[in-house]
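Each chain, written out:
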Amino acid sequence: MSHDVLEAIIILAQLLLLLAMSFSITRMLRGPRAQDRVLALDALYVNAMILLLTIGIRSDSLLYVEAGLIIGLLGFAGTVALAKFLMRGQVIE
Amino acid sequence: MIRRWFPHPVLSVLLLLIWLLLKQSLAPGTILLGALLGIALARMYDLLRPPKARAHDFHLLGVLFVRVTIDIFRSNLAVARIILARNRSLNSGFVAIPLDLTDRHGLAVLACIITSTPGTIWVSYDSSANILLIHVLDLADEQVWIDTIKRRYERLLLGIFQ
Amino acid sequence: MNHLDALPPWAAILVAVFVLLGALFAFIGSVGLLRLENFYQRVHAPTLGTTLGTFFMLAGSITCFSVLHGRPIFYEILIGVFLTLTTPITLMLLVRAALYRDREEGSQDVPRKLPGE
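None of the values given here were measured: they were computed from a predicted structure.

Chemist: Could you clarify how one ought to interpret the overall build of chain B in this entry?
Modeler: Per the secondary structure count, chain B includes 6 helices and 3 strands. Secondary structure of chain B in N-to-C order comes out as α-α-α-α-β-α-β-β-α. Radius of gyration (C-alpha) of chain B: 20 Å, far over the 15 Å computed for a compact globule of 162 residues. Viewed in the frame of its principal axes, chain B has a C-alpha envelope of about 60 × 40 × 25 Å. When each of the 162 residues of chain B is scored for burial, the buried share is 38%. A separation of at least 24 residues holds for 72% of the contacts in chain B among residues at least 6 apart in sequence. Roughly 9,400 Å² of accessible area belongs to chain B as shown, and the carbon and sulfur atoms make up 66% of that amount. Distance from the positive charge centre (17 side chains) to the negative charge centre (11 side chains) of chain B: 11 Å.

Shown next, in the form of structure tokens:
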């Protein structure tokens, strides 16, 4: 009985995270400036990583944790590159 | 001799620990490979000639860690409340803080603390006048924030690094 | 039959609380990203997800897998370690880029450049 509740709560958490991801995507599309979009992309990475952890708990697989680790690291590299680009792009213009 | 092969012993041990955690085993082969990686990467790091970090007081480091953890919990709740409060006009802005801390490692730790705490973020640092610029989400009184940063974190960091 | 059935009740409750709290903090962070008014306010919001959001979710994951497998499994904390090291760097770079762009445009909302920056 209590395990049905656990399952339901994990699904609820996943729905919340999906909503969070859709909010990040909305902010990314809406902007208004380039730095807002990059910030939203970074938040999207983190939400996706947390969502992967919940999927891992539901499917009893540690593989998702490793996928989350990789998303975290690649997201960091991507955001740093984009932030650097924002500083440089203006100089060249 | 030891300095040459182990220029950064703490870094080597940390890399070995991360390797063991990733592999999730304590087999002799894993430990050997992790140790080799730790030593090799620490030597490569030494080629960059990083400035030496000197932490004097490890007891204070523990105090700082506990304090920052508590502050992160508290400011998470504060920022969550601000976000969920409807139609509240928010007074946020920049605060300039004159610092006494000049050690580069101390400043790096302070930057990480201020930025990881929700509600405050490190913006820029003037190294000639030693003035730090931060942005605060819920800014009621500038002086309160200056006092908070200086009293809660800077004093401890001065004790640890200088 | 589900693998979650193997969790004892106390662990099931703990996992449920951790997972829900983690998702809630990440969710509130993204709400802030959407609702706050300007970039410098918005930049504070995602920190909720990267600090307590990730913390609670990792706690839930560690509890679940350690109890299920009957041995301590805690390499999830590596995610936490990497995230605490990298988030300040990305946010600081982003704020500096935004400040630089605003100053280039001559915006009056940001402080003027200090001599030794």
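From this point on, the discussion continues.
Chemist: Could you clarify how one ought to interpret a nonpolar patch on the surface in this entry?
Modeler: Residue and element names in this part refer to chain B. A contiguous nonpolar surface patch, about 700 Å² in accessible area, is contributed by Leu32, Leu33, Leu36, Leu37, Leu41, Met44 and Leu47. In this fold, Leu41 is placed in helix α3 (residues 28-47). A residue is classified by how much of its surface remains accessible, and Leu41, at 37% relative accessible area, is partly exposed.

Chemist: Is there a simple way to explain the packing of aromatic side chains in this structure?
Modeler: Under the counting rule described, the total for this entry stands at 9 aromatic pairs over all chains. With 6.1 Å between their ring centres and 25° between their planes, Phe18(C) and Phe56(C) make a pair best called stacked. Of the two residues, Phe18(C) sits in helix α1 (residues 9-35) while Phe56(C) sits in helix α3 (residues 47-69), which places them 38 residues apart along the sequence. A relative accessible area of 9% places Phe56(C) in the buried class. Ring geometry for Phe55(C) versus Phe56(C): centroids 5.4 Å apart, planes at 70°, classification edge-to-face. Site record: aromatic cluster; members linked through ring pairs are Phe73(B), Phe18(C), Phe25(C), Phe55(C) and Phe56(C).

Chemist: Whenever I open this one, the pairing of strand β3 (residues 131-136) of chain B confuses me. Can you help?
Modeler: Looking along a regular strand, one sees side chains alternate from face to face of the sheet. Residues and elements named next belong to chain B. Burial runs high along β3: 5 of the 6 residues are buried. As paired elements, strand β1 (residues 93-98) and β3 share 6 bridges and run antiparallel to each other. Residue Pro98 lies in a different strand from β3, and its bridge partner there is Ile131. In this structure, strand β2 (residues 120-126) lies alongside β3, joined through 6 bridges in antiparallel fashion. The partner of Tyr125 across the bridge, within β3, is Leu132.

Chemist: It is not clear to me how the interface of chain C and chain B should be interpreted in this structure. Could you clarify?
Modeler: You'll often see interface size given as the accessible area lost when the parts meet. Between chain C and chain B, the contact holds 36 residues from the first and 38 residues from the second. Taken over both partners, the interface formed by chain C and chain B buries close to 3,200 Å², and the fraction arising from carbon and sulfur atoms is 73%. On the chain C side of the contact with chain B, Arg35(C), His44(C) and Met92(C) bury the most area, a combined 18% of that side's loss. Taken together, the connections running from chain C to chain B amount to 0 salt bridges. Seen at the junction of chain C and chain B, the total is 6 residue pairs in polar contact (both at pLDDT 80 or more). For the side of chain C that touches chain B, the elements supplying multiple residues, two or more each, are α1, α2 (39-42), α3 and α4 (77-104) of chain C. Broken down by element, the side of chain C that touches chain B gets its largest block of residues, 8 residues, from α4(C). Grouping the constituent residues of the side of chain C that touches chain B by class yields 25 nonpolar, 6 polar and 5 charged.

Chemist: Please clarify how the interface of chain C and chain A should be interpreted in this entry.
Modeler: Taken together, the contacts link 56 residues of chain C with 53 residues of chain A. Counting each side, the surface lost to burial between chain C and chain A is near 5,000 Å², with a carbon and sulfur contribution of 76%. Applying the counting rule to chain C against chain A returns 2 salt bridges. For Arg42(C), the salt bridge is made with Asp36(A), and the minimal N-O distance between the two is 2.9 Å.

Chemist: Mind showing me how you'd approach the environment of Gly38(B) here?
Modeler: All names here are of chain B. Tracing the backbone shows Gly38 in helix α3. Relative accessible area serves as the criterion here: at 1%, Gly38 is assigned to the buried category. In sequence terms Gly38 and Leu15 are 23 residues apart; their C-alpha atoms lie 5.1 Å from each other. Not counting residues within four places of it along the chain, the set of residues in contact with Gly38 comprises Ser12 and Leu15.

Chemist: Please explain the pattern of salt bridges as it appears in this structure.
Modeler: Within the structure shown, the criterion is met by 8 salt bridges over all chains. Across the pair Arg33(A) and Asp102(C) runs a salt bridge whose closest N-O atoms are separated by 2.7 Å. You can see Arg33(A) sitting in the loop between α1 (2-30) and α2 (34-59) and its partner Asp102(C) sitting in helix α4, one on each of two chains. On the basis of relative accessible area, Arg33(A) is assigned to the partly exposed category, the value being 23%.

Cut-offs applied
Residues numbered from 1 in each chain as written. Chains lettered and ligands numbered in written order. Predicted model: local features only at pLDDT ≥ 70, side-chain atom pairs only at ≥ 80, totals over all residues. Heavy atoms only, no water. Helix = DSSP H or I, 4+ residues; strand = E, 2+ residues; numbered from the N terminus. Rg over C-alpha atoms; globule rule 2.2 N^0.38 Å. Buried < 20%, exposed > 50% of the residue type's maximum accessible area, 1.4 Å probe, protein only. Contact = heavy atoms within 4.5 Å. Areas by Shrake-Rupley, 256 points an atom, 1.4 Å probe, with all protein chains shown as cover. Lys, Arg positive; Asp, Glu negative; His and termini not counted. Charge placed at Lys NZ, Arg CZ, Asp CG, Glu CD. Patch = residues over 30% accessible without salt bridge, like charges linked within 9 Å, V, L, I, M, F, W, Y side chains within 5 Å. Salt bridge = Lys/Arg side-chain N within 4 Å of Asp/Glu carboxyl O. Phe/Tyr/Trp six-rings, centres within 6.5 Å; stacked < 30°, edge-to-face > 60°. Pairing = 2+ DSSP bridges. Buried area = accessible area lost by both parts, 1.4 Å probe. Polar contact = N/O pair within 3.5 Å; in protein donor to acceptor, adjacent residues only side chain to side chain. Nonpolar A, V, L, I, M, F, W, Y, C, P; charged D, E, K, R; others polar.

That is the geometry; function is a separate question.
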